[in-house]
Each structure stands twice: as C-alpha cells, then as structure tokens.
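Reading the structure
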Amino acid sequence: MRGLLKLIGRTTGLALTAVVILLLGLRVAALWRENGEARALSPPGETVETARGRVFVQSRGPDTGQPVLLVPGTAAWGGFWTDVMESLGRAGYRAIAVDMPPFGFSEHRPQADYGRTEQAERLKGVIEGMRLKAPIVVGHSFGAGSVVELAARHGATIAGMVIVCGALALPEGDGIPARADGWLEGLLHAQPVMRTITSAAMTNPLAIRPLLATMLHRKEAADARQSEILQKPMVRRGTTEAYAQWLPFLLLPEREALTASAAGLARIAVRTSLIWGEKDGVTPLPQARRINALIPGSSLDVMTDVGHIPHIE
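Each value, and the rule that gives it
Residues numbered from 1 in each chain as written. Predicted model: local features only at pLDDT ≥ 70, side-chain atom pairs only at ≥ 80, totals over all residues. Heavy atoms only, no water. Pairing = 2+ DSSP bridges. Helix = DSSP H or I, 4+ residues; strand = E, 2+ residues; numbered from the N terminus. Axes fitted to C-alpha atoms, helices over the stretch in contact; angles between N-to-C directions. Contact = heavy atoms within 4.5 Å. Buried < 20%, exposed > 50% of the residue type's maximum accessible area, 1.4 Å probe, protein only. Patch = residues over 30% accessible without salt bridge, like charges linked within 9 Å, V, L, I, M, F, W, Y side chains within 5 Å. Areas by Shrake-Rupley, 256 points an atom, 1.4 Å probe, with all protein chains shown as cover. Salt bridge = Lys/Arg side-chain N within 4 Å of Asp/Glu carboxyl O. Phe/Tyr/Trp six-rings, centres within 6.5 Å; stacked < 30°, edge-to-face > 60°. Arc of directions from axis to C-beta. Polar contact = N/O pair within 3.5 Å; in protein donor to acceptor, adjacent residues only side chain to side chain. Right-handed = clockwise from strand over helix to strand, strands pointing away. Parallel < 35°, antiparallel > 145°, perpendicular 65-115°, else oblique. Left-handed = near helix turned anticlockwise from the far one by under 90°. Nonpolar A, V, L, I, M, F, W, Y, C, P; charged D, E, K, R; others polar.

Further remarks concern the sheet that holds strand β2 (residues 53-60). The strand order β1-β2-β4-β3-β5-β6-β7-β8 describes an open sheet built from eight strands, whose pairing is mixed. Looking at which strands have only one partner, the edges of the open sheet turn out to be β1 (46-50) and β8 (299-303). Each adjacent strand pair in this sheet contributes to an overall mean axis angle of 25°, direction not counted. As defined by bridge partners, strand β5 (residues 136-140) adjoins strand β6 (residues 160-164) across five bridges and the pair is classed as parallel. Residue pairing across strands places H140 opposite V164, the latter belonging to β6. Relative to β5, helix α5 (residues 144-154) is tilted by about 145°, and along the sheet it contacts β3 (67-71), β5 and β6. In the packing of helix α12 (residues 285-294) onto the sheet, the strands contacted are β6, β7 (272-277) and β8, and the crossing angle to β7 comes to about 170°.

Attention shifts here to the environment of Q231. Note on placement: Q231 falls in helix α9 (residues 224-231). The class of Q231 is partly exposed, set by a relative accessible area of 22%. Between the C-alpha atom of Q231 and that of A75, which follows or precedes it by 156 residues, the distance is 9.3 Å. Leaving out residues up to four positions away in the same chain, Q231 has contacts with P205 and I208.

In this section: a nonpolar patch on the surface. Taken together, the side chains of W183, L187, V193 and I197 present a nonpolar region at the surface, about 380 Å² in accessible area. If you list the elements that add at least two residues to the nonpolar patch, you get α6 (182-188) and α7 (191-200). Along the chain, W183 falls in helix α6.

Evaluated as defined, the whole model comprises six aromatic pairs. Both rings, one in F56 and one in F105, keep their centres 5.9 Å apart while their planes meet at 75°; by these two values the pair is edge-to-face. Linking F56 in strand β2 with F105 in the loop between β4 (94-98) and α4 (116-129), this pair joins segments that are 49 residues apart in sequence. Note on accessibility: F56 and F105 belong to one class, buried. Measuring from ring centre to ring centre gives 5.2 Å for W77 and F105, while their planes differ by 85°; the resulting arrangement is edge-to-face.

So, on to α7. Among all positions in α7, only Q191, M194, T198 and S199 are buried. One side of α7 holds all its buried residues, which, seen down the axis, span an arc of 125°.

Looking at where E34 falls in the secondary structure, it is placed in the loop between α1 (2-33) and α2 (38-41). Looking at E34, its side chain comes within polar contact range of the main-chain nitrogen of T239, at 3.2 Å. A polar atom in the side chain of E34 sits 2.5 Å from the side chain of T240. The contacts of E34, once residues within four sequence positions are left out, are T203, M234, V235, R236, R237, G238, T239, T240 and E241.

It is worth spelling out the pairing of β6 at this point. In terms of residue burial, β6 counts as a mostly covered element, since five of its five residues are buried. Side chains G160, V162 and V164 of β6 all project onto a buried face; the interleaved residues M161 and I163 project onto the opposite face, where all are buried too. With respect to chirality, the unit in which β5 leads through α5 into the neighbouring parallel β6 is right-handed. Strand direction decides the pairing type here: β6 and β7, joined by four bridges, are parallel. Its bridge partner lying in β7, V162 is registered against S273.

Contact geometry for helix α8 (residues 205-214) and α9: axes closest at 10 Å, N-to-C directions at 125°. By the angle between their directions, the pair α8 and α9 is classed as oblique. By crossing handedness, the relation of α8 to α9 is classed as right-handed. The segment α8 lies against α9, with P205, I208, R209 and L212 engaging A224, Q226, S227, L230 and Q231. Considered class by class, the residues forming the contact of α8 with α9 number five nonpolar, three polar and one charged.

This is the structure we're talking about:
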C-alpha cells in the first residue's frame, strides 16, 4: 500500500509539473507572438477619439444611409461582423462595426475601465465622434450589455437596439447580482493568474477554433476563415495582458450598471428587437423570453437550428 501511495504521489507530482511547464510555455509563446502594432495590423477603417480612449471602427455602405452600429461579443472585434456589414451596406445602410476595447484594434486601456457603464459611454462617444444621427445599435452576447446600458442611459441618442443572443447575466428576481466571494474576486484580480489563463485559452491560436465551435449548433461554421478573423488582432503587443485585465468583467457579476437588474431593463424605452438561436447553449432561449418580457414593446425572433452566433451560423 505504501508503495502504491508513493507511486500515486509521484505520478501526481509529474502531472502537475507537466501542466505548469505547459502553461509557462504558452505564456512565453504569447509574449513572443504578440509583437505587432495596431496601426500596422488593422484593416481599412478609422479611429474615433472618445473621452474614454480611441475606438477603431470599420464602415460599409453609403454615408447617407441609416447608421447601424455593430457591437461584438467576447474576444471578437469588428471583423467578425464582416458578412453582416457587407450585406447591410449593399442594402443601403451605413454599417459600422465597433471594436470594443480591449478587443480588436481599439486602445488597450491601462485603467482597465471595461465595465458595462464605461463601455456604454464609449459607444456614446463613438456616436458623437462620428456625428451619427439616431443609429440602430446591435449588440451580440457579452457586447449586448453595453448596448442595453447605452439604451438605458442615453436612449434619446439612438433609434433602436437589436440584442443578438445577449449575455446579460440577470439575477433572479428584481435585485442586483450578489457580490462574489472575496477569495474569488481576489483570484480574478490576480493578474499573473489571469494572464496564465488568458494565454492558455483566449489568445492561444490552437484553442480559438475549438472554443468557437463550442458556442455553435452548426459546428461547421467554426471554419478556418472565422478562426483567422478572430486571431488577427491577437498578435498586437500586449494583447494577453489587456485581455487578462478585461477577464474579471466577464466573470464577476455586474453590479453598478443601471441594467444589472431586471427592474433596470424594464425601464428601457427604446424600440428593441431580440434575435436568438433556438439551439443557443450559452444563453439559452428562456433567457431571451425573460428579456423580451422585461423590455416594454420588444419583439423576439427565434432562428431554428442555430446556436449562440447567428451571424456566422
């Protein structure tokens, strides 16, 4: 028995050592890989100066068309909306895809001010900086949080909003989310830990396509093209550090925003449409139905045999 315990201990030790070496290797690989500058890597577009930093946008369609702002979700950027931008542009809309910091080619903020309220103010800054008149604002997944907050705070500046599989993380009832345990909050703000997690998953080129596929019902949509689009900005200098600073905003409950509660959504007076995938396993359809019931006058369109990312599925 003693010999067996020693063998188990030795095996466990070797396994843990191998995991540590792998994680350190991925972190070193990220440091080596991320050596580009945003200006040299970005596609054609423009940088909008806002009070909360520089925001990169791409546009399609006539300048005189109805403006439509497209806001991506976690780790995505404007390029992930390319096909939608092209379609809207051909239809006469002025489609504008926004890189919400720290993703894409917008400014990495040393203050790490990536909460829902700050991101909503950035969107307002883009609208003002581009002198857009009553745009429609579209938010996907985690990006929908900043869009609903914009609607709650500055509804008069937009003509309406579209929520696509919105990840709003609403608590049960009308209260705001409970505060996370202190040890968990401390862990999520430990940047060495967050950078290790980020380099192993979010910015690891080998992980992008498999992770994308987990969000889809139509797995074939996680093809090489979409994977390459997601990876394009990830060779920017400081990407892993910036994403690691953002990660707590994804994993910790939103408490300060007006729309952190069901009651907050119920006060929205902006025309609202919801688009949802019937097979969405990330934000299941019952969440859509609840949001639809909360936002007065909103509509819900369900796409059959589609998962969490309708615009690529």
